[in-house]
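Structural description and commentary
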Amino acid sequence: MKSKYFILALLLFGTVTNQAQNQSHIDSLIQLAQKETIVITKVKLLNQIAKMYRYSNPQKAIEYNQKAIYLIPKDSCDKLGNLYSTMGTIYGHIGELSQTLFYLDSAATLFTRAKSFDELASIYSNMSATHFFMSAFQKSAEYLYKSIRINEQFGDTAGLAYNFAALAAMKYELKEFEASIQMGRKVLEQYPLQNEFLFMGNTSLNIGLAYSSINKVDTALFYLDQGLDYFEKENYLGGKAKIYSEKSSLYLKHQQIDSAKQYIHKALSLKEYITDQNQKLDIQMSLANIYFYENNHSKSIQLYDTVRKVAHKIPYRAIEKAALEGLVDNYQALKQYAKVAEYLRAYIVLKDTILNAEKQQQIKEMEIKYETNKKEQEIALLAKDRDIHALNALRNQQWAYSAFIILILVLLISFLLLRQNKLRAQQKTAQLKHQLLRNQMNPHFIFNALTAIQSYVYENNPKAAGVYLSSFAKLVRAILENSRKEYITLDKEIQWLENYLKLQLLRFDHQFEYQINLDPQLDSYELLIPPMLTQPFIENALEHGLKNIDYKGKITIQFTIETTQLLKISVEDNGIGYSPPSSHATSTHNSLATKITQERLLFLNKNQANDIHFSIKPAQPSGTIVSFIIPLKSI
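Residues numbered from 1 in each chain as written. Predicted model: local features only at pLDDT ≥ 70, side-chain atom pairs only at ≥ 80, totals over all residues. Heavy atoms only, no water.

Here the focus is the overall build of the chain. Broken down by element type, the chain carries 24 helices and 7 strands. The 635 residues of the chain split such that 48% are buried. For the chain, the share of sequence-separated contacts (at least 6 apart) that also reach a separation of at least 24 residues comes to 65%. Accessible surface, the chain as shown: approximately 33,200 Å² in total, 53% of it carbon and sulfur. (Helix = DSSP H or I, 4+ residues; strand = E, 2+ residues; numbered from the N terminus. Buried < 20%, exposed > 50% of the residue type's maximum accessible area, 1.4 Å probe, protein only. Contact = heavy atoms within 4.5 Å. Areas by Shrake-Rupley, 256 points an atom, 1.4 Å probe, with all protein chains shown as cover.)

Here's what the structure looks like:
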């Protein structure tokens, strides 16, 4: 049977320090979070709850951390980066590695913007671990060395210890066992984090596995027992299960079946404390191996096939490869050569995708490049001791580079200034056009409204005249104010519509009625919309849609929530309808209203991420419906 296949000792995602979380503590934090009104404090509490649930209940951890992400201001790069980092480690712990990479990559971008380099180094380490579990070793090494460079730059001893331990694990996977042992022992000697029992335990575990691979059994057992001592100090039951599983594999490798069974059963007795998917598969692999040595091939095949399917889905390629090896060995022992050929083909294909000579060489080149950079820095420090000719040559070269860079900068700045001036001119032109479009209020309406108010004065009805004159004044004032704004509150827009429609009622002698409906879920004082967006179509309905009908007209304006991110505004009339037009005049006016709106939306959509859309369609049994879909925007 094949020897131990995989090392799980990258503590970059963290581990469970207390298997039974203090639920009463969590409950008290939840109550505090529910009562808290200060956003930043509430976010910290939610994130703390998520971290406490991370191992015992990952789904709840995701739920609370998502609430924190929703609340945090999006310009707070470092705090949002921490939340994305937490989300990445949660998904990493449950084996959803594509989600893990998504959140970690987002966190890296945010920490780079915030210049939080210590956090960025930690993110790179986690990304290295994720690629490691996906058997993308070149990418894993790339991110690991990025993290190491940051650690060295800022003198982060603990970060270096974790990263060199991860590098030792990577060398183990590349079957460079001596190098893995040397680096692991160097970590314990040069970076002894005495109070970090989990880290020290896992590093000892790695060294023990490497010694096991070169058949130094006593030394391997020494380091495995040392790792067990560290885990017991922290009461890390999942870690103890890991050690028992590895000791079982070691004894099995040397044909000590009884000892192997004893330790695998110890590991299985702690399975309820194992939340890491990879570790669960690891123990199942060890048990399948024992079944193989006992010639219980049916159970061995069943377990190996289960592990293979789970590992393929996650994916854990190295575990999938080892499970295929186990299936090949079982069917070979059963002399079922068709099955041997089937799984051997799958094994060969998978092995080629995991790691080949070219990938090993790429990782070697990464190491050489890293060492070369360090040597170049040392040479730069000794440059002042070079002879005078070399110094002059260096200075001449620097002058040439400086002149070239200055020339490039001058050209770049000139280009940017010209481009900026051009953009400003274009923006100014667009703004002027936009203001002109919004000021296209029909002058006939203003004239007719004043004439109607005048008639109330002549009819000795000053009260009605005063009401309508007040509405007219508010309307004109709103037009003047709104023409200078891109967005106004929904409350102001509704007030404007009320004044506008009241005056139109006066003008048309109450030949129509109107209704404005507002979704109760909408906060009209906080929500922002473009001003007077519906006015051209309301005017069109009054001037043409309701003009020649023999029944009372009606205009309904509705503001509703389309989705959690979208507002829908609809204007519906019961007039002659939109399609087909009843006259050339109606068609012309519809075209003008549509053109004005299209040009205005073109300008508005240039300045925001999500576009505003509008549509016109016939209403049933008659009339027209004009709809706008607007992204929700608040003060």
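What follows covers the confidence of the model for the chain. In this model, the chain carries an average pLDDT of 81, and 84% of its residues clear a pLDDT of 70 or more. Note that pLDDT drops below 50 for residues 1-21; the model gives that stretch 83 contacts with residues more than four away or on any other chain. Under a pLDDT of 50 for its full length, residues 581-589 has, in the predicted model, 10 contacts with residues more than four places off or in other chains. (pLDDT = per-residue confidence, 0-100.)

Attention now goes to the pairing of strand β5 (residues 566-573). Note that strand β4 (residues 553-563) and β5 share 8 bridges and pair antiparallel. Counted as the bridge partner of I557 is V571 from β5. Taken together, β4 and the strand that follows it, β5, pair antiparallel across an intervening segment of 2 residues. As judged from the 8 bridges shared by β5 and strand β7 (residues 624-631), these two strands associate in the antiparallel manner. Of the residues in β7, the one forming a bridge with E572 is I625. (Pairing = 2+ DSSP bridges.)

Inspection of every chain in the model, using the stated rule, returns 22 aromatic pairs. Summarising the aromatic geometry, the rings of W496 and Y500 are spaced 5.2 Å apart at their centres and angled 5° between planes, so their arrangement reads as stacked. Within this pair, W496 and its partner Y500 are both found in helix α22 (residues 490-507), separated by 4 residues, close to a single helical turn. Of the two residues examined, W496 and Y500, each falls in the buried class. Feature note: the residues Y84, Y91, F102 and Y103 constitute an aromatic cluster, connected by ring pairs. Above the face of the F164 ring, K186 is positioned so that its terminal group lies 5.5 Å from the ring centre. (Phe/Tyr/Trp six-rings, centres within 6.5 Å; stacked < 30°, edge-to-face > 60°. Lys NZ or Arg CZ within 6 Å of the ring centre and 35° of its normal.)

A separate point is the sheet that holds β4. The strand order across the open sheet built from 5 strands is β2-β4-β5-β7-β6, with neighbouring strands paired in mixed fashion. Each having just a single partner strand, β2 (512-518) and β6 (613-618) make up the two edges of the open sheet. In this sheet, adjacent strand axes meet at a mean angle of 15° when their direction is disregarded. Bridge count between β2 and β4: 7 bridges; the pairing is parallel. Following the sheet pairing, F512 is matched in β4 by G553. In the packing of α22 onto the sheet, the strands contacted are β2 and β4, and the crossing angle to β2 comes to about 170°. Most of the contacts of helix α23 (residues 535-545) go to β4, to which it runs at about 155°, and overall it touches β2, β4, β5, β6 and β7. (Axes fitted to C-alpha atoms, helices over the stretch in contact; angles between N-to-C directions.)

According to the stated counting rule, one finds 11 salt bridges in the structure shown. For E246, the salt bridge identified is with K242, shortest N-O distance 2.7 Å. Here K242 and E246 lie together in helix α12 (residues 237-253), a separation of 4 residues that amounts to about one turn. Put simply, K242, E246 and D282 are held in one network by salt bridges that share partners. (Salt bridge = Lys/Arg side-chain N within 4 Å of Asp/Glu carboxyl O.)

Before going further, it helps to examine the side chain of S627. You can see S627 is positioned in strand β7. Not counting residues within four places of it along the chain, the set of residues in contact with S627 comprises K568, I569, S570, H613, F614 and S615.

Moving on, we get to the pairing of β7. In terms of burial, β7 is a largely internal element, 7 of the 8 residues being buried. With 6 bridges connecting them, β6 and β7 associate as antiparallel partners. If you follow F614 over to β7, its bridge partner there is F628. Between β6 and β7, which pair antiparallel in sequence order, lie 5 residues; one of them, G623, sits at a positive phi of approximately 110°.

Before going further, it helps to examine α22. Between its terminal C-alpha atoms α22 stretches 26 Å, which fits the 26 Å expected from 18 residues at 1.5 Å a residue. When you tally the buried positions in α22, you get 13 out of 18 residues, the bulk of the element. Positive backbone phi, at 55°, marks D509, one or two positions downstream of α22. (Expected span 1.5 Å × (residues − 1).)

What follows covers a nonpolar patch on the surface. A grouping of Y401, F404, I405, L407, I408, L409, L411, L412, I413, F415, L416 and L417 is seen on the molecular surface, where their side chains present a nonpolar patch of about 1,200 Å² in accessible area. Within the secondary structure, L411 is located in helix α19 (residues 388-438). Since its relative accessible area comes to 51%, L411 is described here as exposed. (Patch = residues over 30% accessible without salt bridge, like charges linked within 9 Å, V, L, I, M, F, W, Y side chains within 5 Å.)

Quick look at the nonpolar core now. Counting residues in hydrophobic clusters, the biggest one holds 77 residues, and the most contacted among them are F164, L281, Y316 and L327. Excluding its chain neighbours within four sequence positions, the residues that come into contact with F164 are I148, M183, V187 and Y191. L475, Y500, F508 and L604 belong to the second largest nonpolar core, which has 48 residues in total. (Core = buried A, V, L, I, M, F, W, Y, C linked by side-chain atoms within 4.5 Å.)

Below, the discussion takes up helix α6 (residues 117-133). Look at α6: 24 Å from first C-alpha to last across 17 residues, which is about the 24 Å you get at 1.5 Å a residue. Of all 17 residues in α6, 13 are buried, a share of seventy percent or more. Immediately downstream of α6, the backbone of S135 shows phi near 65°, a positive value.

In this section: the packing of helix α4 (residues 77-93) against helix α5 (residues 97-114). It is the contact of α4 with α5, at a shortest axis distance of 8 Å, that shows an interaxial angle of 160°. With respect to each other, α4 and α5 are oriented roughly antiparallel. Classified by chirality, the crossing of α5 by α4 is left-handed. Facing α4, whose interface residues are C77, D78, L80, G81, N82, Y84, S85, M87, G88, Y91 and G92, α5 presents L97, Q99, T100, Y103, L104, S106, A107, L110, F111, R113 and A114. Grouping the amino acids of the contact of α4 with α5 by side-chain chemistry returns 12 nonpolar, 8 polar and 2 charged. (Parallel < 35°, antiparallel > 145°, perpendicular 65-115°, else oblique. Left-handed = near helix turned anticlockwise from the far one by under 90°. Nonpolar A, V, L, I, M, F, W, Y, C, P; charged D, E, K, R; others polar.)

On to the packing of helix α2 (residues 39-53) against helix α3 (residues 58-71). For the pair α2 and α3, the least separation of the axes is 8 Å and the interaxial angle reads 165°. The orientation of α2 relative to α3 falls into the category roughly antiparallel. Between α2 and α3 the crossing geometry is left-handed. Mapping the contact onto sequence places V39, K42, V43, L46, N47, I49, A50 and Y53 in α2 and P58, K60, A61, Y64, N65, K67, A68 and L71 in α3. Partitioned by chemical class, the residues of the contact of α2 with α3 number 11 nonpolar, 2 polar and 3 charged.

Time to look at unusual backbone geometry. A cis amide bond links Q620 with the next residue in sequence, P621, at an omega value of 0°. Here P621 is to be found in the loop between β6 and β7. If you check the backbone angles, K115 has positive phi at about 60° while not being a glycine. If you trace the backbone, K115 turns up in the loop between α5 and α6. Using a relative accessible area of 62% as the deciding quantity, one classes K115 as exposed. The backbone phi angle of Q255 is positive, close to 65°, even though this residue is not glycine. For Q255, the location among the structural elements is in the loop between α12 and α13 (257-269).

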